[in-house]
Amino acid sequence: MTDSQILLLALLGAVLGLDVVSFPQAMLSRPIVAATLSGALLGDATGGLLAGAALELVALETLPVGASRYPEWGSASVVGGAIVGYYPDRAGALSVALLAAIAVGWIGGWTMVELRTLNARWAKRLRPAIDSGERSAVVGLQLTGLATDFVRGFLLTWVALLAFRPLGRAVLGVWGADARVSRAVAVTVAASVGAAAVWKLFRVTEHARWFLVGGLALGLAAMALR
Amino acid sequence: MTTGASSAALEARSISLPVHLQLEMAFRLLMIQSAWNYELLLGNGLGFCIEPALRLLPGGPGGTAYRQALARECQYFNAHPYLAAVAVGSLARAELEMIPPAKIERFRTALCGPLGSVGDRLVWAGWLPFCSLLALAVYGLGAGPATVLLLFLGLYNVGHLGLRAWGLSVGWRHGMRVAPALATPILRQGPAHLARAAALVAGIALPLALGRIIGPGQRLLGVVVVIVALMGALATRLPAWLQGWRLSVGVLAIWIIYSIAQHTVAR
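Residues numbered from 1 in each chain as written. Chains lettered and ligands numbered in written order. Predicted model: local features only at pLDDT ≥ 70, side-chain atom pairs only at ≥ 80, totals over all residues.

Q: What am I meant to see in the overall build of chain B here?
A: Looking only at helices and strands, chain B features 10 helices and 0 strands. Element order for chain B, N to C, with α for helix and β for strand: α-α-α-α-α-α-α-α-α-α. Taking the principal axes of its C-alpha atoms as reference, chain B extends roughly 85 × 35 × 35 Å. By residue count, 46% of the 267 residues in chain B fall in the buried class. Taking contacts inside chain B between residues at least 6 apart in sequence as the whole, the part at least 24 apart equals 73%. (Helix = DSSP H or I, 4+ residues; strand = E, 2+ residues; numbered from the N terminus. Buried ≥ 20, exposed ≤ 12 C-beta atoms within 10 Å, placed from the backbone. Contact = placed C-beta atoms within 7 Å.)

Structure representation (structure tokens):
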């Protein structure tokens, strides 16, 4: 990955990190979108989609509810998609991409909490102006939050890619496991998290578990026929 | 009997919001959470979105009525970001109808709970997982990147933007009498219907997506499906603090170390 590719990916990470909460929450930051776009930037959209689909299974567990702390999937998925996109033929690329993306998402969640604390500090400082109805204070606080979130996403993606460029190269250079088994292990981890999330999410709804069982029968039948 | 407030409300029926202000408010709604913080939560964002309408108050922008209303609307507020559009529309109308401040504040407080919980169930626990799982199912069926992205983003945002537009419109139309409009079947029964649909799609999507990611070979796939079922069942029993995604970092790290060790042994 060249420096200019990392810079471009960091810009993508900034835009998609912004989408998580600040603007426009159109779910461009979901892993299935973000990792695909990241892979596409490196010339391998299909590889990015592969990483995105696996990460999407993990992301089903974390709903972006208000004040709760959850992984920041936008910037994280850019990192995951970039690893698979850059090393499309390497056996362990998906495993490394998943680990990197989940770790970056975890750190990203922490940076979002810090940003909210920072926003609160600015809001406190501007409180007298806001309480007297000053337009510039209200608009200023909003735009400062937006700009800071953009910078947060950029720095997070940039630092993560700089760290994972040598790490990814080193790990994938000494990868010993078979390619299909490697993929299978990575997706087993992701799908287990996803399956548990689906169960926890829908089991409380009346009859939903029967819909799940019915869907599973259809899915397994379709899988067997393919 | 006609109170002062309701007669003011009757007079205000003729209030109209110019299209450019409606569009500005709709655009600002997309960044309602950009200054989300632990001090005011969504409060400043709410005031930021209502501000264009407040320019129509007597005295114009900067006038006493404008400043008092803006200050009022920037206080602590919490709601789902999409359904906050209902609050933006109805509070903008209430301010322009010059409803007494105490009444607006009570109404504003009362809106927080329902707009938060309904939005969370309808969008975060219903529409988002439904669209996400549908995209995974389509991916599992062999669709390419463009198809998957267009389907997911197109479908999700029809609901997302539609909900915001509906919220702003219904809030503005009904003002402080918005409560009956919130009893629409979509908001009351929608989450349960969506959960059932999403459960069905989840069942279809999981094996198909697994199959596509692993690649051809029924035997390995069969083993993976069984392991996923067992590990998934175990993961549902995890304590709340130990979520699956956290645990997966450890499992993947062990797997990577094992794979590196395998390479070293083979040499």
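Q: How should helix 7 (residues 145-174) of chain B be read in this particular structure?
A: The periodicity of an α-helix, 3.6 residues per turn, causes residues three or four positions apart to be oriented the same way. Taking 1.5 Å per residue, 30 residues should reach 44 Å; helix 7 of chain B reaches 43 Å between its end C-alpha atoms and fits that length. Next to the buried residues of helix 7 of chain B lie helix 2 (31-41) and helix 3 (45-59) of chain A together with helix 2 (19-29), helix 5 (84-96) and helix 6 (101-140) of chain B. Taken from the residues just after helix 7 of chain B, G175 of chain B is the one with a positive phi, measuring 55°. (Expected span 1.5 Å × (residues − 1).)

Q: Is there a simple way to think about the environment of L57 of chain A in this case?
A: All names here are of chain A. The residue L57 is located in helix 3 in this model. Separated by 26 residues in sequence, L57 and P31 place their C-alpha atoms 9.0 Å apart. Residues within four places of L57 in sequence aside, it is in contact with A190, A191, V193 and G194.

Q: What is the right way to look at the nonpolar core in this model?
A: Among the nonpolar cores identified, the biggest contains 170 residues, and A54, V79, I83, L98 and A190 of chain A together with V88 and L210 of chain B are the most heavily contacted of them. The leading source of residues in this core is helix 6 of chain B, at 17 residues. Among all residues touching A54 of chain A, those that are not within four sequence positions of it are L94, L98, A186, V187 and A190 of chain A together with I213 of chain B. (Core = buried A, V, L, I, M, F, W, Y, C linked by C-beta atoms within 7 Å.)

Q: So what exactly am I meant to see when it comes to the interface of chain A and chain B here?
A: One frequent convention defines the size of an interface as the accessible area lost when the parts assemble. Each partner contributes residues to the interface: chain A has 95 residues there, and chain B has 85 residues. Broken down by secondary-structure element, the contributors of at least two residues to the side of chain A that touches chain B are helix 2, helix 3, helix 5 (93-131), helix 6 (135-173), helix 7 (179-202) and helix 8 (208-225) of chain A. Within the side of chain A that touches chain B, the residues separate by chemical class into 58 nonpolar, 24 polar and 13 charged. (Nonpolar A, V, L, I, M, F, W, Y, C, P; charged D, E, K, R; others polar.)

Q: Sorry, what's going on with the packing of helix 3 (residues 43-54) of chain B against helix 5 of chain B here?
A: For any two helices packed against each other, the geometry comes down to the angle between their axes and how far apart the axes lie. Residues and elements named next belong to chain B. Interhelical geometry of helix 3 versus helix 5 gives an angle of 40° and a closest axis separation of 9 Å. Judged by the inter-axis angle, helix 3 sits oblique to helix 5. Between helix 3 and helix 5 lies a crossing whose hand is right-handed. Across the interface between the two elements, L46, C49, I50, A53 and L54 from helix 3 touch A84, A87, V88, L91, A92, E95 and L96 from helix 5. Here the contact of helix 3 with helix 5 is composed, by residue class, of 11 nonpolar, no polar and 1 charged. (Axes fitted to C-alpha atoms, helices over the stretch in contact; angles between N-to-C directions. Parallel < 35°, antiparallel > 145°, perpendicular 65-115°, else oblique. Left-handed = near helix turned anticlockwise from the far one by under 90°.)

Q: Hey, could you run me through the confidence of the model for chain A in this one?
A: Any residue range with low pLDDT should be treated as having predicted coordinates unsuitable for detailed reading. Of the residues in chain A, 99% reach a pLDDT of 70 or more, and the chain-wide mean stands at 95. Element-level mean pLDDT values for chain A span from 93 in helix 8 of chain A up to 98 in helix 2 of chain A. (pLDDT = per-residue confidence, 0-100.)

Q: I'm lost on the environment of V118 of chain B in this one. Help?
A: All names here are of chain B. Relative to the helices and strands, V118 is located in helix 6. C-beta crowding within 10 Å serves as the criterion here: with 20 such atoms nearby, V118 is assigned to the buried category. Along the primary structure V118 and A209 are separated by 91 residues, whereas in three dimensions their C-alpha atoms are 30 Å apart. When near neighbours in sequence (up to four residues on either side) are disregarded, V118 contacts L83 and L187.

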